[in-house]
Amino acid sequence: MSHTPRRSPSRVPSRSSTPVPGRSPARLAPPLIRPAPSVSSLRVYSHGSSVHSPVSTSPPDTAIPSREGDAESSASSVVEGILIQEPDADVDTIDGEQGNATGLVDSNANDEDSKKTLRDQLRRTLSKKESNVDISKFRQRHREKAPATITIIVQSNTTYHNSADKYPPRQYFVLTDAGKPVFISDHDTNSDGATSMIGVIQALVSIFLDDGDKLRCINAGSTRIVFLLRPPLYYVCVSAWGEPESVTRYHLEYLHLQILSVVSAEQLRRMFEQRRNFDLRRLLGGAEPFLYSLLARLEWDLAMSTSSLHCLKLDPILRKSVADILVPTSKIKDMLYVILVAQGRIITLVRPRKHSIHPSDLHILVNTIHSPSILNSSASASWLPVCLPKFNSSAFVNAYVMFLPRTDGRDTPQTPATPAESADAPTLDESVSERDATSPKDDASKVGLVAVSANPDLEAVRGWCETVSQRLAADGLLRSISQAIRHGDTEYTVASLGVPGLRHFVYKSRSQVQITMPVFEEPYDSPNEKRRLITLYQTVFDAIHAKSGQERTLKLQYIRTSQESVMGWITHPFEIYLALSPHLPKSAAIGAANAISRWVQREERRLFLKDAPVF
């Protein structure tokens, strides 16, 4: 028996005023990459010679990116693919936002003296630091010595990153430009401590804004504090993992996108124009599980940090048969995307002709449907009003999420949960014990169907999704997918390639905007060792793409530690990041990269989503 979906007034706007999404986002052409040079031209530099300033800021005359219309006109000749290429640019700007902010402090008059004292002390500290470190001379020496395309870093006896037992949890803070707390990732932070930290953060940001500058990060020993300003919200991450600045900046960017998926950019603008001291926590109270789930995914998901998609490895004939069933009929109007998901990865995606989807929107959507409040809901289907920020940050669409019944009959379809019922589902901490009581294979074999539509006729979409579910079960396709997951056919190991000394790799197809990688095995089967390898990958990726303010991009980056050798190599068709035994020579890394490329080309129809149907 179906019920009329109800709304949660604390989280979402009235659907009756939901605007229809506008035009599709602009396509951006990928940069041209010259062929990588030979190994004989590599030059070796010792790690640790760089000098870091304790505080780095962006100059006040930072260039403003072009608007959507300009990007669209410059990329009009690009053929529409499934996914949109992420431009190789600093992530400090998004969707044409200039990032301009004003420092607003909601404080009493007696707090002004303490705030002025803090500003003066910080300015004196920065002036002293700048007088002791002549960064311009160092940059001049770096320009004279640094190779144009290749860098090799050899680390001797000391560990390149933090030791495997030192990865304290990152801390994330979200606050308004008036100093109101919105989200704090640390559950153990008491209210007084949180208020003090938020006040310090707001004061630090306002100091630079008052001087016409923008604070990007603070380096304090092994700890880095990264700031991202998206007025009217400020985002801060505190991390001691040793990752590049761009990594935590991406995390903050995804936090911003996840919040926009619940409260659109247009809503934020209107609310804070009317009331600068608006308490946003009232609207995000039911969305905190989404944020915690996102932070957990960001720690391990390399597809998110590389702005790409990680698809489920599957037989191409099975994938195509499933996709053909997902094509909506002409009776279903205003359908945007139909997605089939399993194990947190995309099986297939059906989209309108000449229309692509941004990987960030897909990650936000997949995270939302796999958050504990949805995944552990008593209902097998849910209605979610969601904003896809990269598609249209000012409008909401309707997402029908349905976890398909198991082929063994243990799951029975139930009535879709309304947004209000979904918000009452177990929180992140409560759901951990529930998942522990369930078999990992049972969780992994869940297949989710997501229909994203601007169609206000919710019953028509729900009926069509139920028909699709019945066809998938009747044709045996759902059973085949479940069996492939249970038998481990959707994963592969590095031993499948037969490359001596190869321990792990990440391969990114630049044309498909998708990655593939084997499962993490020994010596990276423990959480901390896996974190260490991922941090090394992120360091190499950051250096190649110059994501943290480097003066030039690289074509190849090679790091050797006492535990492994890690190499990143970018060409026009692909990027490869791999880990090898530290005892192998540099030439073995190039040979392993070529072997990986040949193997992926043979298996690409299983590894990547290439020819999804359109309508």
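Residues numbered from 1 in each chain as written. Predicted model: local features only at pLDDT ≥ 70, side-chain atom pairs only at ≥ 80, totals over all residues. Heavy atoms only, no water.

K.L.:
What's the story with the environment of T329 in this structure? I'm lost.
P.N.:
Summarising the element assignment, T329 is placed in the loop between α10 (316–326) and β10 (335–342). Taking the C-alpha atoms as reference points, T329 and F615, separated by 286 residues in sequence, lie 8.9 Å from one another. (Helix = DSSP H or I, 4+ residues; strand = E, 2+ residues; numbered from the N terminus.)

K.L.:
I keep staring at the packing of α10 against helix α18 (residues 477–486) and nothing clicks. Help me out?
P.N.:
At their nearest, the axes of α10 and α18 sit 10 Å apart, and the two run at 140° to each other. Here α10 is positioned oblique relative to α18, judged by the angle of their axes. Read as a crossing pair, α10 and α18 show a hand that is left-handed. Here L318, S321, V322 and I325 of α10 come into contact with α18, specifically with L477, S480 and I481. Counted by class, the contact of α10 with α18 contains five nonpolar, two polar and no charged residues. (Axes fitted to C-alpha atoms, helices over the stretch in contact; angles between N-to-C directions. Parallel < 35°, antiparallel > 145°, perpendicular 65-115°, else oblique. Left-handed = near helix turned anticlockwise from the far one by under 90°. Contact = heavy atoms within 4.5 Å. Nonpolar A, V, L, I, M, F, W, Y, C, P; charged D, E, K, R; others polar.)

K.L.:
Where do I start with the pairing of strand β17 (residues 556–560) in this structure?
P.N.:
The side chains of a regular strand alternate between the sheet's two faces. The element β17 is largely enclosed, with a buried count of four among its five residues. Linkage of β17 to strand β18 (residues 565–570), two consecutive antiparallel strands, is achieved through a turn of four residues. (Buried < 20%, exposed > 50% of the residue type's maximum accessible area, 1.4 Å probe, protein only. Pairing = 2+ DSSP bridges.)

K.L.:
Any chance you could explain α18 here in plain terms?
P.N.:
The α-helix advances 3.6 residues per turn, and as a result positions three or four apart in sequence lie on the same side. Those residues of α18 that sit buried are L477, L478, I481, S482, A484 and I485. The arc enclosing the buried residues of α18, seen along the axis, measures out at 160°, which places them on a common side. Positive backbone phi, at 80°, marks G488, one or two positions downstream of α18. (Arc of directions from axis to C-beta.)

K.L.:
How should I be thinking about the pairing of strand β5 (residues 181–184) in this particular structure?
P.N.:
As defined by bridge partners, strand β4 (residues 171–176) adjoins β5 across three bridges and the pair is classed as antiparallel. Within β5, the position partnered with L175 by the bridge is P181. Counted along the chain from β4 to the antiparallel partner β5, the turn is four residues long, and its residue G179 has a positive phi close to 90°.

K.L.:
Help me understand the side chain of S565 in this model?
P.N.:
Tracing the backbone through its elements, the reader meets S565 in strand β18. At 3.2 Å, the side chain of S565 forms a polar contact with the side chain of Y558. Discounting chain neighbours no more than four positions away, the residues touching S565 are Y558, I559, R560, L578, A579, L580, S581 and P582. (Polar contact = N/O pair within 3.5 Å; in protein donor to acceptor, adjacent residues only side chain to side chain.)

K.L.:
Looking at this model, I keep getting lost on the packing of aromatic side chains. Mind explaining?
P.N.:
For any pair of aromatic rings, geometry is given as the distance between the ring centres together with the angle between the planes. Enumeration according to the criterion identifies ten aromatic pairs in this entry. Ring centres of Y492 and F505 lie 6.4 Å apart, and the angle between their planes is 40°; this geometry places the pair in the tilted category. Within this pair, whereas Y492 is found in the loop between α18 and β15 (502–509), its partner F505 is found in strand β15, the two being separated by 13 residues in sequence. As far as the burial class goes, Y492 and F505 line up, both buried. Chaining the aromatic ring pairs together yields one cluster made of Y507, W569, F574 and F608. Against the face of W241 rests R170, its NZ or CZ located 3.7 Å from the ring centre. (Phe/Tyr/Trp six-rings, centres within 6.5 Å; stacked < 30°, edge-to-face > 60°. Lys NZ or Arg CZ within 6 Å of the ring centre and 35° of its normal.)

K.L.:
Explanation requested: the nonpolar core in the structure shown.
P.N.:
One broad rule of soluble globular proteins: the nonpolar side chains tend to lie buried together. In this structure, L255, L280, I339, I346 and V452 are the most contacted members of the largest nonpolar core, which totals 64 residues. Per-element accounting of this core gives the leading share, seven residues, to helix α5 (residues 245–262). Core analysis: the next-biggest nonpolar cluster, separate from the first, contains 32 residues, L314, M402, L458 and L477 among them. (Core = buried A, V, L, I, M, F, W, Y, C linked by side-chain atoms within 4.5 Å.)

K.L.:
Which parts of the structure should I look at to understand helix α17 (residues 458–474)?
P.N.:
Its 17 residues place the ends of α17 24 Å apart at the C-alpha level, agreeing with the 24 Å of an ideal helix rising 1.5 Å per residue. Of the residues making up α17, those classed as buried are L458, V461, R462, W464, C465, V468, S469 and L472. With its buried residues spanning 165° around the axis, α17 presents them on a single face. Those residues of α17 that are exposed and aimed more than 90 degrees away from the buried face are Q470 and A474. For α17, the elements touching its buried residues are α10, β10, β12 (381–386), β13 (397–403), β14 (447–453) and α18. Backbone geometry just downstream of α17 places G476 in the positive-phi region, at approximately 80°. (Expected span 1.5 Å × (residues − 1).)

K.L.:
Would you mind showing me how to read unusual backbone geometry here?
P.N.:
Leaving glycine aside, a negative phi is the common case for residues, and trans is the common case for peptide bonds. The step from P231 to P232 runs through a cis peptide bond, and the omega angle for that step is 10°. Here P232 is to be found in the loop between β7 (223–230) and β8 (233–239). Note that the residue after E522, namely P523, is joined by a cis bond; omega there is 10°. Mapping P523 onto the fold places it in the loop between β16 (514–516) and α19 (527–545). Positioned with a positive phi, V513 is a non-glycine residue whose angle comes to about 55°.

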